[in-house]
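# A closer look at the structure
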Amino acid sequence: QQPVQSPQAVILREGEDAVINCSSSKALYSVHWYRQKHGEAPVFLMILLKGGEQKGHDKISASFNEKKQQSSLYLTASQLSYSGTYFCASLPTGANNLFFGTGTRLTVIP
Amino acid sequence: KAGVTQTPRYLIKTRGQQVTLSCSPISGHRSVSWYQQTPGQGLQFLFEYFSETQRNKGNFPGRFSGRQFSNSRSEMNVSTLELGDSALYLCASSLANPRAGGYTFGSGTRLTVV
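Summarised in this report is the structure supplied together with it.

Each value, and the rule that gives it
Residues numbered from 1 in each chain as written. Chains lettered and ligands numbered in written order. Predicted model: local features only at pLDDT ≥ 70, side-chain atom pairs only at ≥ 80, totals over all residues. Heavy atoms only, no water. Helix = DSSP H or I, 4+ residues; strand = E, 2+ residues; numbered from the N terminus. Rg over C-alpha atoms; globule rule 2.2 N^0.38 Å. Buried < 20%, exposed > 50% of the residue type's maximum accessible area, 1.4 Å probe, protein only. Contact = heavy atoms within 4.5 Å. Areas by Shrake-Rupley, 256 points an atom, 1.4 Å probe, with all protein chains shown as cover. Lys, Arg positive; Asp, Glu negative; His and termini not counted. Charge placed at Lys NZ, Arg CZ, Asp CG, Glu CD. 1 Å grid on protein atoms, 1.4 Å probe; cavity = no way out; pocket = protein on both sides within 12 Å on 5 of 7 lines; lining within 4 Å. Points joined across faces, edges and corners; volume = space filled by probe spheres on them. Nonpolar A, V, L, I, M, F, W, Y, C, P; charged D, E, K, R; others polar. Disulfide = S-S within 2.5 Å. Phe/Tyr/Trp six-rings, centres within 6.5 Å; stacked < 30°, edge-to-face > 60°. Salt bridge = Lys/Arg side-chain N within 4 Å of Asp/Glu carboxyl O.

### Structural notes on the overall build of chain B
The helix and strand tally for chain B stands at 0 helices and 11 strands. Going from N to C terminus, chain B has its helices and strands arranged as β-β-β-β-β-β-β-β-β-β-β. Taken against the 2.2 N^0.38 rule, which gives 13 Å for 114 residues, the C-alpha radius of gyration of chain B at 13 Å falls within 12% of a compact globule. If you line up chain B on its principal axes, its C-alpha atoms span 40 × 30 × 25 Å. Within chain B, buried positions represent 51% of all 114 residues. A separation of at least 24 residues holds for 54% of the contacts in chain B among residues at least 6 apart in sequence. Of the roughly 5,300 Å² that chain B leaves accessible, carbon and sulfur atoms contribute 48%. Looking at chain B, you have 12 positive and 5 negative side-chain charges, and the mean spots of the two groups are 5 Å apart.

Below you can see the structure in the form of structure tokens.
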């Protein structure tokens, strides 16, 4: 039930954009996105519920296509502080716990 | 408000020993989930507790067990430790389930089995 993320790793220069994709084989109630910096705990970024809405804050946003069970995270005008590993997490319909993807390591360089 | 507290932060154990890890969730949160994080496997779900009851369990052997107390604090236990149990163990707290909001994670317990 673990979602599949792509790419596994990406290197950006400051100011560039990136897209991280997440795909699940199960019908989903929601998708969560988290960021984990090295040596720290994962931090919740946002949740997307059924309905295909797009949410975001600052220059990080995401979309959720419930028909395809896919979500994408969009990072625009990247900053050094965006570096870290991004995880999507799926909440299958009827479940009470999240299943995390394998992660995408994002590195932003000056 | 105080965050999620996990103790201890670091542990070194010998193969065959057992270990107990502790997690205190955010005040008012009744759901506690445990995850094992390793470089190759990412975050793997262990189990989830709500109101002292295990609601969900992942695909881990019976050596991994847990419990939750009436104050929502949770412990997980690993018996007969193996080298492959070396990992970062993360506890995540939420109000009741992650349907409406995200998890808040603790800083984790890094377990090394030698």
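### Some words on the overall build of chain A
When its secondary structure is counted, chain A shows 0 helices and 11 strands. Over its C-alpha trace chain A gives a radius of gyration of 13 Å, about what one expects of a compact globule, namely 13 Å for 110 residues. With the principal axes as the frame, chain A shows a C-alpha extent of 45 × 25 × 20 Å. A buried classification covers 48% of the 110 residues belonging to chain A. The long-range share in chain A, meaning contacts at least 24 apart out of those at least 6 apart in sequence, stands at 54%. Summing over all exposed atoms, chain A offers an accessible surface of approximately 5,200 Å²; the carbon and sulfur share of this is 50%. The average position of the 10 basic charges and that of the 7 acidic charges among the side chains of chain A differ by 8 Å.

### Some details on the layout of surface pockets
One number sums up the size of the largest pocket: a volume of about 800 Å³. Elements that contribute at least two residues to the lining of the largest pocket include exactly β9 (84-92) and β11 (104-109) of chain A together with β4 (31-38) and β9 (87-94) of chain B. Partitioning the lining of the largest pocket into residue classes produces 6 nonpolar, 18 polar and 5 charged. In this structure, the second largest pocket spans a volume of roughly 310 Å³.

### Regarding the state of the cysteines
Across all of its chains, the model carries 2 disulfides over all chains by this definition. In this model C22 of chain A forms its disulfide with C88 of chain A; the gap between the sulfur atoms is 2.0 Å. In this structure, the disulfide formed by C22 of chain A and C88 of chain A twists by about 70° around the S-S bond and is classed as right-handed. Within this pair, whereas C22 of chain A is found in strand β3 (residues 18-23), its partner C88 of chain A is found in strand β9, the two being separated by 66 residues in sequence. Take C88 of chain A: its relative accessible area is 0%, and that puts it in the buried class. Covalent S-S linkage joins C23 of chain B and C91 of chain B, the inter-sulfur distance amounting to 1.7 Å. You can see C23 of chain B sitting in strand β3 (residues 19-24) and its partner C91 of chain B sitting in strand β9, a full 68 residues away along the chain.

### Observations regarding the packing of aromatic side chains
Per the stated rule, a full pass over the model turns up 13 aromatic pairs over all chains. Measuring from centroid to centroid gives 5.1 Å for F100 of chain A and Y35 of chain B, while their planes differ by 85°, and the two rings are edge-to-face. With F100 of chain A in strand β10 (residues 99-100) and Y35 of chain B in strand β4, this residue pair bridges two chains. Accessibility assignment for this pair places F100 of chain A and Y35 of chain B in one class, buried. Pairwise contacts between aromatic rings join Y34, F44, F87, F99 and F100 of chain A together with Y35, F45, Y103 and F105 of chain B into one cluster.

### Description of the pattern of salt bridges
All names here are of chain B. Overall, the coordinates contain 5 salt bridges over all chains when judged by the stated rule. Between R63 and E82 there is a salt bridge, with its nearest N and O atoms 3.6 Å apart. Here R63, found in the loop between β6 (53-57) and β7 (64-68), pairs with E82, found in the loop between β8 (74-78) and β9; they are 19 residues apart in sequence, far enough to count as distant. Of the charged contacts in the structure, one is a salt bridge between R73 and E75, with a shortest N-O distance of 3.3 Å. Counted as one network, the salt bridges with shared partners bring together R63, E82 and D85.

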